[in-house]
Amino acid sequence: MRELWFETDRCFIGGVWQPPASRDFLAVENPSTGAPIGSIARGKVADIDAAVTAADEARQGSWGRMTATERGRVLTRIGQFVRGRAETLARIEATDVGKPLTQARSDAMTLARYLEFYGGAADKVMGHSLPYMDGYTVYTLREPHGVTGHIIPWNYPMQIIGRSVGAALAMGNACVLKPAEEACLTALAFAKLAEEAGLPDGALNVVPGLGDEAGAALASHPGVDHISFTGSLSVGRKVQAEAARHVAPVTLELGGKSPQIVFADADLDAALPFLVNGGLQNAGQTCSASSRILVERRLYDELVERMAGAYRALWVGPALEDLNLGPLISSRQKEIVLDYLGKGQDLETAAEGRIIGNAPAGGYYVAPRLLTRVPPGHRLAQEEIFGPVQVVIPFADEEEAVSIANGTGYGLVAAVWTRDGARQMRMARKLRAGQVYLNNYGAGGGVELPFGGVGLSGHGREKGFEALYGFSVLKTVAARHG
Ligand code: NAD
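Treat the numbers as computed from the prediction; the structure is a model and nothing was measured.

**Q** Provide a residue-level description of a nonpolar patch on the surface, including the pertinent values.
**A** The grouping of Tyr132, Met133 and Tyr136 at the surface amounts to a nonpolar patch, some 310 Å² of accessible area in total. Residue position: Met133 is located in the loop between strand 5 (129–130) and strand 6 (136–144). With a relative accessible area of 44%, Met133 lands in the partly exposed category.

**Q** Tell me about the environment of Gly377, and name the residues and values.
**A** Take Gly377: it is sitting in the loop between strand 17 (369–372) and helix 13 (379–382). Owing to a relative accessible area of 62%, Gly377 belongs among the exposed residues under this scheme. For Gly377 and Glu399, which are 22 residues apart along the polypeptide, the C-alpha to C-alpha distance reads 17 Å.

**Q** Just give me the short version of the sheet that holds strand 15 (residues 348–352), but keep the residues and values in it.
**A** Taking strand neighbours across the sheet as the criterion, the 7 strands line up as 15-17-18-13-12-19-20 in an open arrangement whose pairing is mixed. Sheet topology places strand 15 and strand 20 (435–438) at the edges, where each strand pairs with a single neighbour. Taking the axes of each pair of neighbouring strands and ignoring which way they run, one obtains an average angle of 20 degrees across the sheet. Two elements, strand 12 (residues 259–262) and strand 13 (residues 292–296), share 4 bridges in a ladder whose sense is parallel. When the bridges of strand 13 are listed, Pro259 appears paired with Arg292. Relative to the sheet, helix 10 (residues 268–280) contacts strand 12, strand 13, strand 18 (389–395) and strand 19 (413–417), its axis offset from that of strand 18 by approximately 130 degrees.

Analysis parameters
- The residue numbers shown here count from 1 along each chain, following its written sequence.
- Owing to the predicted nature of the model, reporting of local features is limited to residues with pLDDT of at least 70; listing and counting of side-chain atom pairs is limited to 80 or more, with chain, interface and lining totals taken over all residues.
- Each side-chain value is worked out from all heavy atoms of the structure, with water and hydrogens disregarded.
- Patches were defined on residues exceeding 30% relative accessible area and lacking a salt bridge, with like-charge contacts within 9 Å and nonpolar side-chain contacts (Val, Leu, Ile, Met, Phe, Trp, Tyr) within 5 Å.
- Note on areas: Shrake-Rupley with a 1.4 Å probe; residue coverage comes only from the protein chains shown.
- Each reported salt bridge corresponds to a side-chain nitrogen of Lys or Arg within 4 Å of a carboxyl oxygen of Asp or Glu.
- Going along the chain from the N terminus, every DSSP run of H or I of four or more residues is numbered as a helix, and every run of E of two or more is numbered as a strand.
- Partly exposed residues are those whose accessible area sits between 20% and 50% of the maximum for their type, while under 20% is buried and over 50% is exposed, using a 1.4 Å probe and protein chains only.
- For two strands to be treated as a pair, DSSP must find at least two bridges joining them.
- Only the stretch in contact is used when fitting a helix axis, every axis being a line fitted to C-alpha atoms; angles between N-to-C directions are given from 0 to 180 degrees.
- Any two residues whose heavy atoms approach within 4.5 Å are treated as being in contact.

What follows is the structure, given as structure tokens:
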């Protein structure tokens, strides 16, 4: 790929670009064509060990000695470098992940925003002084965990690096990042930009590799003081169990089956683009995808007709052609989605989008599909499909809407569309979700907004100022001075 200005088949450890200790490599595939486009390191235990050691040295060395203001300055500078290379990063991401170029551009700008936000916030995290007994002075300090491990998925590498590595560095942690094997080129590009911007050696280390090799080695490493995991429920459970062996705190950002709930009094014109895009952005491979549309019965026919119209206008094709949807990430992901569609043959298809005629035969394309009159207990209404599929479920009243919305075990995101202000407030309280959006979906993806799940969607918060508390430890200092 001509956009790459660095070697991709390396680990970045202690400021050095080095091949994996095993000299094993993994192929990089372009999901728009299925063709190989390069190779990456297959990091294993030895590389993770070296990365954790380098991070520990950085924490005790020049990185650990920097003031919060200096750290903020470095992050802001990395943000400027990201802005300077935003188009290159977007093209790399589009090619590696398969997401349409416009979406990849937005991810690159979001990464820059995270670095600006956390760069500015680094020296604004404070402890408190506490009123206590006579003769005592008590105060709290916010300190870094030390070495933080970051295991991330392939669907939004740049955004997730920004929110997790950005916040961890702002607090003075030294990071070991294990990107997903399916898409790690922008993680390496980010490390290159951080190096060029002057981040001290070892403050950020990147070890690409397989989940059950490099990922498992990082999750179980006794030298890691905190793990930030973003990915699937099944792997999240394993990561938490591994980290528990040395009692390391874990943030889990997992999946969802997020509903958008549309009442009959909603402004359907305003809602329509959010209903469709909320479910189909990145071909539905989004943790917070609105894979369930719950609609009040009175509005059911009109909503289905309008959503079906929008689906019929959707085009799927290669990422760099920048259509509405790109391919799925891999042949495996395509199989998973087609398997779910096979299990939904008893359901009514209201509409499908179209794959362009000249889409490369080797690409992992799936036409988006809108399924209607779906019983809330159906597998396709309960499980995370992670593909371009939305189900529409009718409800009778507010109570039933809440019961269906809260009925999957997941609790990531929910949206409510209604003009009734009192109902908005009631619903916001009754919905079991980490985020509730009223008359919007995703709130523009603002980096300022804390984000995370409840229930099977995970625990802990990233994004916003809140993330800085998660990436730090509170120490209480109590002085008796008489
Ligand atoms: P995944 O769980 O398969 O992989 C995520 C990461 O974990 C990858 O880097 C992988 O290599 C690693 N991994 C795999 N096995 C491991 C093991 N045994 N030990 C340690 N690490 C291991 O998830 P995915 O398919 O890459 O991503 C899709 C999932 O991520 C979806 O469920 C999606 O909802 C979720 N997700 C959640 C959020 C959020 O913010 N809540 C954001 C994006 C994606």
